[in-house]
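# Architecture at a glance
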Amino acid sequence: MTRIDTPQAMAQPFFTIVFEGQLQRFKGNPFATETPFGTPFAIGYGDAFERERTLEEAADALAVALTDMMRVFPPSGRTREQKDAFVEAGKALAVWRDL
């Protein structure tokens with residue numbers, strides 16, 4: 001999860017608060033609810049922080065697997081499609097490293 005005391009986090013114009021309960025039991029339109037911070041910009045089901053944690057773990061596992069596959073794949077005899085796939089895999093790993 002992203003730390004909240006970094007300059008990047010403190011510069012964000014939005015924040016997420018997670019409440020325990022069921023959204024279906026909310027009375028009225030949640031987007032019309034006044035809070036000390038104004039009206040909500042986005043509302044979703046579940047805990048966004050838990051989902052982020054799960055996605056980070058999955059991305060980390062996939063990056064390790066992809067890196068290992070790329071390392072053991074023999075460089076000679078690659079087809080054009082395999083070379084293109086390696087380029088795309090490298091791009092995906094670069095995005096993952098920046099997360």
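Attention here is on the structure that accompanies the text. The structure displayed is predicted, hence computed values, not measured ones.

## Structural notes on the packing of aromatic side chains
Throughout the structure, instances matching the rule amount to 1 aromatic pair. Taking the ring centre of Phe 86 as reference, the NZ or CZ of Arg 78 above it sits at 3.9 Å.

## Details of helix α2 (residues 48-72)
With 25 residues, α2 ought to run about 36 Å at 1.5 Å a step, and its terminal C-alpha atoms sit 36 Å apart, in line with that. Two to three positions downstream of the cap, the backbone nitrogen of Phe 49 sits 2.8 Å from a side-chain oxygen, assigning the N-cap of α2 to Asp 47.

## Side note on helix α3 (residues 80-98)
Helix length check: α3, at 19 residues, gives a terminal C-alpha distance of 28 Å against a target of 27 Å (1.5 Å per residue), a fit within 8%. Turning to α3, its buried residues are Phe 86, Ala 89 and Leu 93. Buried residues of α3, seen end-on, are gathered within an arc of 65° and therefore sit on one face of the element. Summarising the geometry of α3, the exposed residues directed more than 90 degrees from the buried face are Arg 80, Glu 81, Val 95 and Asp 98. Where α3 is buried, its residues contact α2.

## Digging into the environment of Leu 66
Here Leu 66 lies in helix α2. Since its relative accessible area comes to 26%, Leu 66 is described here as partly exposed. When the C-alpha atoms of Leu 66 and Leu 93 are compared, they prove to be 8.3 Å apart, with 27 residues separating the residues in sequence. What Leu 66 contacts, discounting residues up to four positions off in sequence, is Ala 89 and Leu 93.

Criteria and cut-off values
- Residues numbered from 1 in each chain as written.
- Predicted model: local features only at pLDDT ≥ 70, side-chain atom pairs only at ≥ 80, totals over all residues.
- Heavy atoms only, no water.
- Phe/Tyr/Trp six-rings, centres within 6.5 Å; stacked < 30°, edge-to-face > 60°.
- Lys NZ or Arg CZ within 6 Å of the ring centre and 35° of its normal.
- Helix = DSSP H or I, 4+ residues; strand = E, 2+ residues; numbered from the N terminus.
- Expected span 1.5 Å × (residues − 1).
- Polar contact = N/O pair within 3.5 Å; in protein donor to acceptor, adjacent residues only side chain to side chain.
- Buried < 20%, exposed > 50% of the residue type's maximum accessible area, 1.4 Å probe, protein only.
- Arc of directions from axis to C-beta.
- Contact = heavy atoms within 4.5 Å.

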